[in-house]
Amino acid sequence: KPHHDGRLAFTDFSRAFDKLSPEHREVLILVGANGYSYEEAANMMGVAIGTAKSRANRARARLCDMLGLAEGEDILAEQSGATLAVMGRSGFQAA
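Because the structure is a prediction, the values reported are computed rather than measured. (Residues numbered from 1 in each chain as written. Predicted model: local features only at pLDDT ≥ 70, side-chain atom pairs only at ≥ 80, totals over all residues. Heavy atoms only, no water.)

Colleague: Where do I start with the overall build of the chain in this structure?
Modeller: Helices and strands together make up the secondary structure of the chain, namely 5 helices and 0 strands. Secondary structure of the chain in N-to-C order comes out as α-α-α-α-α. Counting over 95 residues, the chain shows a buried share of 33%. Excluding contacts between residues fewer than 6 apart, the proportion of contacts in the chain whose partners are at least 24 apart in sequence is 50%. Here the chain displays about 5,500 Å² of accessible surface, and carbon together with sulfur accounts for 49% of that area. (Helix = DSSP H or I, 4+ residues; strand = E, 2+ residues; numbered from the N terminus. Buried < 20%, exposed > 50% of the residue type's maximum accessible area, 1.4 Å probe, protein only. Contact = heavy atoms within 4.5 Å. Areas by Shrake-Rupley, 256 points an atom, 1.4 Å probe, with all protein chains shown as cover.)

Next up, the structure:
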């Protein structure tokens, strides 16, 4: 596997992430990349905890759909911890 495949996967991820709504990007950054709990993220966003969970779930599903990923697929194996954290809580295997 060529070394540049990881960079291409990250580029695809970045493009897909940029297509998410601001609310979806925000919750994935807070919960996935920064490690806040859903309760903490909900408080920061000024929404109910269920709303934060729902947004995160929909955002991850949309990312996976845009990237053509299937449940259980090994994705972004060579990526940074923050990228993997955003994707890893979706039920999809990041590594």
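Still more ground to cover, so stick around.
Colleague: Help me understand the side chain of Arg 55 in this model?
Modeller: Along the chain, Arg 55 turns up in helix 4 (residues 49–66). No salt bridge is formed by the buried Arg 55. Its closest oppositely charged neighbour is Glu 26, at 4.8 Å. Those residues in contact with Arg 55, other than ones at most four positions away along the chain, are Glu 23, His 24, Val 27, Met 45 and Val 47. (Lys, Arg positive; Asp, Glu negative; His and termini not counted. Salt bridge = Lys/Arg side-chain N within 4 Å of Asp/Glu carboxyl O.)

Colleague: What should I look at first to understand the side chain of His 24 in this one?
Modeller: Looking at the secondary structure, you find His 24 in helix 2 (residues 22–33). Dropping the residues within four chain positions of it, His 24 is found in contact with Arg 55, Arg 58 and Ala 59.

Colleague: How should I be thinking about the nonpolar core in this particular structure?
Modeller: Ranked by internal contacts, the top residues of the largest apolar core, which has 15 residues, are Phe 17, Leu 20, Val 27, Leu 28, Met 45 and Leu 63. When residues of this core are traced back to their parent elements, those giving at least two are helix 1 (4–19), helix 2, helix 3 (38–45) and helix 4. (Core = buried A, V, L, I, M, F, W, Y, C linked by side-chain atoms within 4.5 Å.)

Colleague: Help me out: how do you make sense of helix 3 in this one?
Modeller: One turn of an α-helix holds 3.6 residues; hence residues three or four places apart share an orientation. Buried residues of helix 3: Ala 41, Ala 42 and Met 45, and no others. Here the buried residues of helix 3 occupy an arc of 100 degrees about the axis, which is enough to place them on one side. Among the exposed residues of helix 3, those pointing more than 90 degrees away from its buried face are Glu 39 and Asn 43. The elements touched by buried residues of helix 3 are helix 2 and helix 4. Note on helix 3: the residue one or two positions beyond its end, Gly 46, has a positive phi of about 75 degrees. (Arc of directions from axis to C-beta.)

Purely spatial values, then, with no claim about function.
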